[in-house]
Amino acid sequence: MIGDALHMDKELLRLNISAPVKRRTLVDYLDNGDLFYVTRDGNRCEIDAEELKVLGDVCTEIEKMRVRLPILVSSDASGEGTAWRVDGVAESALVARLLNKTRRLPDSIRFFNTDLHNLRKKLPTCTFIVFSV
């Protein structure tokens, strides 16, 4: 049983090897450019300027300083069925607004595959999928 848990942790680390190393704020991207981030495996991922413009139009000035990109969307096995979650006060508020959803917690939003599809359609380069247990 313990061996299975260790094996699962190693597999999740392997799946998340392409996770971003450092996430910058939306205002940093808008003000300074350099529209990319680097992943743990050394890849450089570009962020679309049009997506940043959409986010800039939707966010308040305070949210622009707090939202970190890319927005991390994690798998959520805490309830029934397959679900996804975005954590963080500013990030979850932004995603809730984009998906026209209500947050049940002040720092997290949980949603399902259809919503993930809609979010990724709106923000393909500003979102990043990570896997968790």
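Below or above, wherever it landed, is the structure these notes cover. (Residues numbered from 1 in each chain as written. Predicted model: local features only at pLDDT ≥ 70, side-chain atom pairs only at ≥ 80, totals over all residues. Heavy atoms only, no water.)

**Considering the overall build of the chain**
Move 1: Within the chain, the secondary structure is distributed over six helices and eight strands.
Move 2: Each helix and strand of the chain, placed in order from N terminus to C terminus, yields the pattern α-β-α-β-β-α-α-β-β-β-α-β-α-β.
Move 3: Considering only contacts within the chain whose residues lie at least 6 apart along the sequence, 55% involve residues at least 24 apart. (Helix = DSSP H or I, 4+ residues; strand = E, 2+ residues; numbered from the N terminus. Contact = heavy atoms within 4.5 Å.)

**Side note on the environment of asparagine 16**
Move 1: Tracing the backbone through its elements, the reader meets asparagine 16 in the loop between α1 (2-15) and β1 (24-25).
Move 2: Looking at asparagine 16, the relative accessible area reads 12%, which means it is buried.
Move 3: Separated by 24 residues in the primary sequence, asparagine 16 and arginine 40 place their C-alpha atoms 8.5 Å from one another.
Move 4: Asparagine 16 has contacts with Arg40, Val130 and Phe131, leaving out every residue within four places of it along the chain. (Buried < 20%, exposed > 50% of the residue type's maximum accessible area, 1.4 Å probe, protein only.)

**Remarks on helix α6 (residues 113-122)**
Move 1: Among all positions of α6, only Asp115, Leu116 and Leu119 are buried. In an axial view of α6, the angular spread of the buried residues amounts to 100°, which keeps them on one side of the axis. Facing away from the buried side of α6 by more than 90 degrees, the exposed set consists of Thr114 and Lys121.
Move 2: As for α6, its buried residues are in contact with β5 (71-76), β6 (83-87), α5 (89-99), β7 (108-111) and β8 (127-130). (Arc of directions from axis to C-beta.)

**Re the packing of aromatic side chains**
Remark: the centre distance and the inter-plane angle together describe each pair of aromatic rings, the angle taken between the planes.
Move 1: The tally for this structure, following the rule as stated, stands at two aromatic pairs.
Move 2: When the centroid spacing of 6.3 Å and the interplanar angle of 85° are considered together, the rings of tyrosine 37 and phenylalanine 128 count as edge-to-face. Remark: phenylalanine 128 occurs in strand β8 and tyrosine 37 occurs in strand β2 (residues 36-38); sequence separation between them is 91 residues. The pair tyrosine 37 / phenylalanine 128 is uniform in exposure class, with both members buried.
Move 3: Geometrically, the ring pair formed by tryptophan 84 and phenylalanine 131 is edge-to-face, given 6.2 Å between the ring centres and 65° between the ring planes. Here tryptophan 84 is found in strand β6, whereas its partner phenylalanine 131 is found in the segment after β8, with 47 residues between them in sequence.
Move 4: Of the residues examined, tryptophan 84 reaches a relative accessible area of 11% and is grouped as buried.
Move 5: Cation over ring: arginine 24 sits above tyrosine 29, and NZ or CZ is 4.0 Å from the ring centre. (Phe/Tyr/Trp six-rings, centres within 6.5 Å; stacked < 30°, edge-to-face > 60°. Lys NZ or Arg CZ within 6 Å of the ring centre and 35° of its normal.)

**Observations concerning unusual backbone geometry**
Move 1: For the bond from leucine 69 to proline 70, the omega torsion is 0°, close enough to zero to count as cis.
Move 2: Within the secondary structure, proline 70 sits in the loop between β4 (68-69) and β5.
Move 3: One non-glycine residue, aspartate 34, adopts positive backbone phi at about 50°.
Move 4: Within the secondary structure, aspartate 34 sits in the loop between α2 (26-32) and β2.

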